[in-house]
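Per-entry structural report
Read off the chains here:
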Amino acid sequence: MDASQRPARRSWAEPWKVKMVEPIAMLTRDQRERAIRTAGYNTFLLKSEEVYIDLLTDSGTSAMSDWQWAGMMLGDEAYAGSKNFYNLEAAIRKHYGYKHIVPTHQGRGAEHLLSKVTIKPGDFIPGNMYFTTTRVHQELAGGTFVDVIIDEAHDPEIELPFKGNVDLDKFEALIRKVGAEKIPYITVHATVNMAGGQPVSMANVKAVSDLAKTHGIKVFLDATRAVENAYFIQQREVGYSTKSVAEILLEFCSHSDGCTMSGKKDALVNIGGWLAVNDDRIFEDATNLVVIYEGLQTYGGMAGRDMEAMARGIVESVQDDHIRARIGQVEYLGNKLIEWGIPIVRPVGGHAIYLDAKKFCPHLPQDAFPAQTLAAELYADSGVRAMERGIVSAGRNKDTGDHYYPKLELVRLTIPRRVYTQAHMDVVAESVAAVNDERAKIRGLRMVYEPKYLRFFQARFEPN
Ligand SMILES: *Cc1c(COP(=O)(O)O)cnc(C)c1O
């Protein structure tokens, strides 16, 4: 074949090579069917050893680099004032730009501290779509979450470059309705996990910040995937194509008063998180509480070595080559499924592919848990573990006791960072297509055990 017949493309590949491998199990179909039955048709209750390709979550499942592992050997396990804390603090200040850092064992620890310090009973906390742990902490502190994301985010098919944006009219309407004094802060998730990993534009976060400021309301980012968000800004927003992801991240964070962070996502570690704030008083209160709930203010529940790995992970996470390969792999899987006509949330987000279970199984009512069912079917087909993001995850309204019926009924295929190959992505796509071919036979589930909080983690089901 001469050059004129070849497709005009230059492939990219990952900016790393593999140095150590971890064998994974390949069970038979019979063994998988037994395993998912024993797990109550909840993929969270499967044993890791029963899973072939684990796309349950990108949380804490990344592969660390040799430089991070080398950092683990430099853990300073002093109870107070570990040098690794100061390295972490320096990395966060440099790349996220905030003044004060409170380390926590993971993201929800930071959410807990922020909620306790800033929310009074009767307050309202707007946000661009709920997140499971974020909302629970806001509610436990006596607040009420109010969704102010743009309407389009609830529609899996509308293609918008920044489908995670805050609807400023909704935010303003809430301020008018309840009064700014009842709104301690607005949460801006970037990217929006529950909407399919959709990004927020720089223009939007700036407008949110301007509006919030005029009313004395603070802006807190959920910065868990803010690096991925920065990459989308670089790719899609006018004026940012020549800026580095690191520069964009810093500018993005400058439009907020602080953030909660799960280091288990962008920051390429298996455990860890932090709360960052610019406000001295919030910092003082959070520093006071962290010793009760997490650990001393210079470790917050993490070992020194974990803080070192996260400090180094942050540095690696903002490299353009890294983030291009990370999101490139997600897009590779997404584009394959789109090509094959599989219904997924569009456009493809940063960390995961979301199958549209309502489209897959139009014959199932939402209280037959279509997404939960689809995740179980996928596991039985190939050992690929996904998770439900639909009615089970949404939980119940705390006042009426009814299920929330979210518009989006999704199965999330979440891609861990630096872990799987393109061939793994092919296997996943082929299994999704096989389940799609047989979807008319899917009968749904009923819930036979329901825990009180965050039920999706532990609920059990039986087939209808
Ligand atoms: C994972 C996650 C959290 C919670 O972080 P943990 O480290 O799991 O406690 C909060 N917000 C978003 C958007 C997340 O994805």
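Our subject is the structure listed above.
Residues numbered from 1 in each chain as written. Predicted model: local features only at pLDDT ≥ 70, side-chain atom pairs only at ≥ 80, totals over all residues. Heavy atoms only, no water.

Let's shift gears to the environment of Tyr299. Along the chain, the position of Tyr299 falls in the loop between α10 (280–293) and α11 (304–317). Considered as a pair, Tyr299 and Phe85 are 214 residues apart in the sequence and their alpha carbons are 6.6 Å apart. For Tyr299, the contacting residues outside a window of four places in its chain are Tyr79, Pro103, Glu294 and Met307. Of note is the side chain of Tyr299, whose polar atom sits 3.3 Å from the side chain of Tyr79. (Helix = DSSP H or I, 4+ residues; strand = E, 2+ residues; numbered from the N terminus. Contact = heavy atoms within 4.5 Å. Polar contact = N/O pair within 3.5 Å; in protein donor to acceptor, adjacent residues only side chain to side chain.)

Our focus in this paragraph is the packing of aromatic side chains. Evaluated as defined, the whole model comprises 9 aromatic pairs. Aromatic rings pair up to connect Phe44, Phe456 and Phe457 into one cluster. The side chain of Arg135 reaches across the aromatic face of Tyr130, ending 4.2 Å from its centre. Here the basic side chain of Arg389 rests over the ring of Phe456, its NZ or CZ set 4.8 Å away from the ring centre. (Phe/Tyr/Trp six-rings, centres within 6.5 Å; stacked < 30°, edge-to-face > 60°. Lys NZ or Arg CZ within 6 Å of the ring centre and 35° of its normal.)

Attention shifts here to the sheet that holds strand β12 (residues 410–414). Strand order in the open sheet formed by 3 strands is β9-β12-β11, with antiparallel pairing between adjacent strands. Strand pairing shows two members of the sheet lacking a second neighbour, β9 (352–356) and β11 (387–389), which therefore form its edges. Taking the axes of each pair of neighbouring strands and ignoring which way they run, one obtains an average angle of 35° across the sheet. In the sheet, β9 pairs with β12 via 5 bridges, with the strands oriented antiparallel. Paired with Ala352 across the bridge in β12 is Thr414. (Pairing = 2+ DSSP bridges. Axes fitted to C-alpha atoms, helices over the stretch in contact; angles between N-to-C directions.)

To continue, consider the pattern of salt bridges. Side-chain pairing between opposite charges can occur once the charged atoms of the two side chains come close. On inspection of all chains with the given rule, the structure shows 30 salt bridges. Among the salt bridges present, the one from Lys206 reaches Asp210, with a minimum N-O distance of 3.1 Å. Remark: Asp210 and Lys206 occur in helix α7 (residues 202–214); sequence separation between them is 4 residues, near one turn of the helix. We note a salt bridge from Glu308 to Arg312, for which the minimum N-O separation is 3.0 Å. Of the two residues, Glu308 and Arg312 both sit in helix α11, 4 residues apart, roughly one turn of that helix. For the pair shown, Glu308 and Arg312 are each scored as buried. Through salt bridges with shared partners, one network takes in Asp58, Arg225, Glu228, Asp266, Arg326 and Arg417. (Salt bridge = Lys/Arg side-chain N within 4 Å of Asp/Glu carboxyl O. Buried < 20%, exposed > 50% of the residue type's maximum accessible area, 1.4 Å probe, protein only.)

Right, let's talk about the state of the cysteines for a bit. Scanning the entire structure with this criterion turns up 0 disulfides. Looking at the unpaired Cys259, the closest cysteine sulfur is the one in Cys253, lying at 6.2 Å. (Disulfide = S-S within 2.5 Å.)

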